[in-house]
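# Structural features, examined
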Amino acid sequence: RWEVPDESILGAAEAGHGQEESGLMSKVFIKSARFHLCTAVMVLAFASVAARLVFIQGMEAEAIAGQVQEARKRLIALEGKRGDILDRHGNLLAGTRSRVTVGVDPQALEFDAVAVEHLARLLGLETEAVVDKVIRRERTDSGGAVRTIRWVPLAEVDEEVYGKVLDLGLRGVYGNRRYERYYPGRELAAHVWGYLNKEQTPVMGVERAMDFYLKGQRGWRETEVDGHRRELAAFREREVEPRSGLHVELTIDQFVQSVVERSMQEIV
């Protein structure tokens, strides 16, 4: 026997089904709103980045390029050769000799086996040792990081040998010059000549009193540096050579001074 369901039961079932459909629609609506919100945020972020890139590349390109060039460029002072101190007969009492440390930038070197062989011969080194240094472009430090090699010292030479090295025309091979003061008579009249300290500053005597004339005039070199502030010698540009200092001639006679000091030592 079939019985007709009670109308109240049917109404409750229809109401429950409607609530389920309403909850489902609300969840779909919330998910859809979140999706559109996330999409809008991402689009806005990419648009901001694109706008910033356009602003930097278009409107500020020249200013930023100028800042980069300014950070890379360096002016390096070049010390002039200090003048000599002479006695009344022109004998050298204090002089300056130059030494040049020749090195190579492996990143800039255009390897030429014949030229490298000539370089090794000029420096008095084995060809294999020089080749090993000039072709090695990276090194591993104590922390395990790989570093780019920008400078490898090879040998210290005098001005004559350095001139021959430059005549080879090897790009990336260059030298750093330094001057050192020496006194042929050693302690002879040291209280008169004076001396230079480790910072090459005159301390006393003629060295200090006549420093304005002896020190000469500085030059300068325009060059570039990398991110670690190491010079890129291959990009050296303008260079103004320094001017050597003047010589100072004294009224002292070196021979008479040596006789007097020897006699004083014997008396003491």
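The structure displayed is predicted, hence computed values, not measured ones. (Residues numbered from 1 in each chain as written. Predicted model: local features only at pLDDT ≥ 70, side-chain atom pairs only at ≥ 80, totals over all residues. Heavy atoms only, no water.)

### A look at the nonpolar core
Core analysis: the biggest nonpolar cluster contains 20 residues, and Val102, Val104, Leu119, Leu123, Val165 and Val173 have the highest contact counts within it. Listed by contribution, the elements that provide at least two residues to this core are strand 3 (92-104), helix 3 (113-123), helix 4 (127-135), strand 6 (152-157) and helix 5 (159-167). Counting residues per element, this core draws most heavily on helix 3, at five residues. Discounting residues that sit within four places of it in the chain, Leu123 has contacts with Val102, Leu154, Ala155, Val157 and Val165. Grouped together as the second largest cluster of nonpolar side chains are 10 residues, Ala94, Ala189, Trp193 and Val248 included. (Core = buried A, V, L, I, M, F, W, Y, C linked by side-chain atoms within 4.5 Å. Buried < 20%, exposed > 50% of the residue type's maximum accessible area, 1.4 Å probe, protein only. Helix = DSSP H or I, 4+ residues; strand = E, 2+ residues; numbered from the N terminus. Contact = heavy atoms within 4.5 Å.)

### Looking at helix 9 (residues 254-267)
One turn of the α-helix equals 3.6 residues, which is why residues spaced by three or four share an orientation. Its 14 residues place the ends of helix 9 20 Å apart at the C-alpha level, agreeing with the 20 Å of an ideal helix rising 1.5 Å per residue. Buried residues of helix 9: Gln257, Ser258 and Glu261, and no others. Projected down its long axis, helix 9 carries its buried residues within an arc of 100°, all on one side. Exposed residues pointing more than 90 degrees away from the buried face of helix 9 are listed as Phe255, Glu266 and Ile267. Buried residues in helix 9 make contact with helix 6 (190-193). (Expected span 1.5 Å × (residues − 1). Arc of directions from axis to C-beta.)

### Things to note about a nonpolar patch on the surface
There is a patch of nonpolar side chains on the surface, built from Phe255, Val256, Val259, Val260 and Met264 and spanning about 460 Å² of accessible area. Residue classification places Phe255 among the exposed positions, given a relative accessible area of 60%. (Patch = residues over 30% accessible without salt bridge, like charges linked within 9 Å, V, L, I, M, F, W, Y side chains within 5 Å. Areas by Shrake-Rupley, 256 points an atom, 1.4 Å probe, with all protein chains shown as cover. Salt bridge = Lys/Arg side-chain N within 4 Å of Asp/Glu carboxyl O.)

### Observations concerning unusual backbone geometry
Its identity as a non-glycine residue notwithstanding, Arg186 has a phi of 55°, on the positive side. Along the chain, Arg186 turns up in the loop between strand 7 (173-182) and helix 6. Phi at Ala189 is positive, roughly 50°, even though this residue is not glycine. Inspection of the secondary structure assignment puts Ala189 in the loop between strand 7 and helix 6.

### A look at the packing of helix 3 against helix 4
When two helices pack together, their arrangement is given by the angle between the helix axes and by the axis-to-axis distance. The geometry of helix 3 relative to helix 4 is characterised by a closest axis approach of 9 Å and an angle of 120° between their N-to-C directions. Of the possible angle classes, the one that applies to helix 3 and helix 4 is oblique. The two elements helix 3 and helix 4 meet at a crossing, and its hand is right-handed. In this structure, helix 3 uses Val116, Glu117, Leu119 and Ala120 to contact helix 4, whose residues at the interface are Thr127, Val130 and Val131. Class assignment for the residues of the contact of helix 3 with helix 4 results in five nonpolar, one polar and one charged. (Axes fitted to C-alpha atoms, helices over the stretch in contact; angles between N-to-C directions. Parallel < 35°, antiparallel > 145°, perpendicular 65-115°, else oblique. Left-handed = near helix turned anticlockwise from the far one by under 90°. Nonpolar A, V, L, I, M, F, W, Y, C, P; charged D, E, K, R; others polar.)

### Looking at the confidence of the model for the chain
Chain-level statistics for the chain give a pLDDT mean of 79 and a share of 80% at 70 or above. Confidence scores differ between elements of the chain, with strand 9 (residues 231-232) showing the lowest mean pLDDT of 63 and strand 11 (residues 248-249) the highest of 93. (pLDDT = per-residue confidence, 0-100.)

### A look at the pairing of strand 3
Across two bridges, strand 2 (residues 85-86) lies against strand 3 in antiparallel orientation. For Ile85, the partnering residue across the bridge sits in strand 3 and is Ala94. Linking strand 2 to strand 3, which pair antiparallel, is a turn of five residues; within it Gly90 sits at a positive phi near 85°. Pairing analysis gives 10 bridges linking strand 3 to strand 7, with the strands arranged antiparallel. When the bridges of strand 7 are listed, Ser98 appears paired with Tyr179. Looking at chain direction, strand 3 and strand 6 are connected through five bridges and run antiparallel. From the neighbouring strand, Gly103 faces strand 6, where its bridge partner is Pro153. (Pairing = 2+ DSSP bridges.)

### With respect to the environment of Leu86
Counting through the fold element by element, Leu86 comes out in strand 2. For Leu86, a relative accessible area of 16% translates into the label buried. Along the primary structure Leu86 and Gln254 are separated by 168 residues, whereas in three dimensions their C-alpha atoms are 9.0 Å apart. In contact with Leu86, other than residues within four places in its own chain, are Asn91, Leu92, Leu93, His247, Val248, Glu249 and Leu250.

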